[in-house]
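Topology and contacts: notes
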Amino acid sequence: MKVGLYILTVFVLLAGNVFSQTKKRNFRQHEVGFLIGGSYYIGDLNTRKHFNLTQPAGGVFYRFTPNYRYAFRGGINFGSIMGDDSQSDTPDQLQRNLNFKSTITEFNVLAEFNFLEYRISNDKYKFTTFLFLGLDVFMFKPRAEANNQWVDLQPLKTEGQSKGYKLTQMAIPFGIGAKMNVSKQVGIGLEWGPRKTFTDYLDDVSGTYVDYTTNPYTSTLAQTLADRSKNGGNNINKQRGNPRTKDWYFFFGVTLNVKLNPRSAPCYAYDH
């Protein structure tokens, strides 16, 4: 996604400029916050539709703000993602006829850059837009529906993998948002954040259909869930997914954050 490279470039350039010019505006502020919103995915079963099949999501975070222009944050997010070929308008996907869902649990650390000077409890600096960038570790577990039950896909090795892919992975979270004060101790915000992953198996779809004559399926259930295509023909070694692109997942929503140290700040903290 080109937007990711753009955000990264802007973040690095602006943050470097701020770090070199705003040392005199340092202070210490601690916050706890909550995210309420949604999560969704882009991958082999949803190649381009943002917010498609969005699922409820939430999270908690701690933010440390040492300066009017930047902050650091760590948190946990919980959500789920889904994909379904039947929702596509592409003939190849409709023919393939796969579906999945997965929970997502994410632990992240982020750096935020404020475009405007901002601080809770300061009426002069009460609103800003911002960028964020960081690292996260996330856990997922793709499942598919069969016989009215949801079945874990990774143990089935539906594409004949010699080893199952790891269900704990790293990703690069980044995004944009806005935040504003609603009182001396409380702020609210909006944010949207893609997660660049390094796996193509959020949906258990990546490569080709298995040649089960040389690489037998682990079970009849694995064979059923590997090839659910409507043509009923022989798909051995035909393309099942696109291994050249990795999967993405996204969190977005409303944040509510509370300042933990509501003591009055010294006069020099509000320099003009």
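Residues numbered from 1 in each chain as written. Predicted model: local features only at pLDDT ≥ 70, side-chain atom pairs only at ≥ 80, totals over all residues. Heavy atoms only, no water.

**Concerning the overall build of the protein chain**
Test applied: A run of H or I in DSSP becomes a helix once it reaches four residues, and a run of E becomes a strand once it reaches two; helices and strands are each numbered from the N terminus. Relative accessibility under 20% of the residue-type maximum defines a buried residue, over 50% an exposed one, and the middle range a partly exposed one, all with a 1.4 Å probe and only protein chains included. Contact definition: two residues touch when any of their heavy atoms are within 4.5 Å. Method for areas: the Shrake-Rupley scheme with a 1.4 Å probe, in which residue coverage is limited to the protein chains shown.
When helices and strands are counted, the protein chain shows 3 helices and 10 strands. Going from the N terminus to the C terminus, the protein chain shows its helices and strands as α-β-β-β-α-β-β-β-β-β-β-α-β. Residues classed as buried in the protein chain amount to 49% of the 272 residues present. The long-range share in the protein chain, meaning contacts at least 24 apart out of those at least 6 apart in sequence, stands at 77%. Carbon and sulfur atoms provide 60% of the accessible area of the protein chain, an area that totals close to 13,700 Å².

**Digging into the pattern of salt bridges**
Operational definition: By definition, a salt bridge exists where a carboxyl oxygen of Asp or Glu is found within 4 Å of a side-chain nitrogen of Lys or Arg.
Applying the stated criterion across every chain, the model contains 12 salt bridges. Two residues, aspartate 89 and arginine 48, come together in a salt bridge whose shortest N-O distance is 3.4 Å. Taken together, the residues span a long stretch of sequence, with aspartate 89 in the loop between β3 (70-84) and α2 (91-96) and arginine 48 in the loop between β1 (26-42) and β2 (55-67) at a distance of 41 residues. Of the residues examined, arginine 48 reaches a relative accessible area of 52% and is grouped as exposed. A salt bridge links arginine 73 to glutamate 191, with the nearest nitrogen and oxygen atoms 2.9 Å apart. Pair noted here: arginine 73 is in strand β3 and glutamate 191 is in strand β9 (residues 186-197), with a separation of 118 residues, a long-range link. Assigned by exposure class, arginine 73 and glutamate 191 land together as buried. Taken together, the shared-partner salt bridges in this structure form one network comprising Glu31, Arg63, Arg73, Glu112, Lys179 and Glu191.

**What to know about the nonpolar core**
Put simply, the rule reads: Buried Ala, Val, Leu, Ile, Met, Phe, Trp, Tyr and Cys residues that are joined via side-chain atoms within 4.5 Å together make up what is termed a nonpolar core.
Core analysis: the largest hydrophobic core is formed by 26 residues, its most contacted members being Ile81, Ile104, Phe138, Leu202, Leu225 and Tyr249. Elements that contribute at least two residues to this core include exactly β4 (99-114), β5 (127-140), β6 (143-146), α3 (220-226) and β10 (248-259). In terms of residues, this core owes the most to one element, α3, which gives 3 residues.

**Some thoughts on the side chain of serine 121**
Defined as follows: Polar contacts here mean pairs of N or O atoms no more than 3.5 Å apart (in protein, one a potential hydrogen donor and the other a potential acceptor; neighbouring residues in sequence count only if both atoms are side-chain atoms).
Tracing the sequence through the fold places serine 121 in the loop between β4 and β5. We classify serine 121 as buried; its relative accessible area is 10%. At 3.1 Å, the side chain of serine 121 forms a polar contact with the side chain of lysine 259.

**Description of unusual backbone geometry**
Residue asparagine 147 is not a glycine yet carries a positive backbone phi of 55°. Topologically, asparagine 147 is positioned in the loop between β6 and β7 (149-152). Given the relative accessible area of 74%, asparagine 147 is considered exposed. With phi around 65°, asparagine 148 is a residue other than glycine that occupies positive phi space.

**With respect to the pairing of β9**
Formally: DSSP-based pairing: two strands are paired if at least 2 bridges between them are found.
By the bridge criterion, 9 bridges tie strand β8 (residues 168-181) to β9 in an arrangement that is antiparallel. Bridge pairing in β9 places isoleucine 172 opposite lysine 196. Where β8 hands over to β9, the hairpin turn is made up of 4 residues, counted between the paired strands. Here β9 pairs with β10 via 11 bridges, running antiparallel. By the bridge assignment, glutamate 191 is partnered in β10 with glycine 253.

**Details of the confidence of the model for the protein chain**
The test is simple: Scored from 0 to 100, pLDDT reflects the predictor's confidence in each residue.
Averaged over every residue, the pLDDT of the protein chain is 89; residues scoring 70 or more account for 86%. Of the regions scoring below 50 in pLDDT, residues 267-272 engages in 11 contacts with residues more than four places distant in sequence or in other chains.

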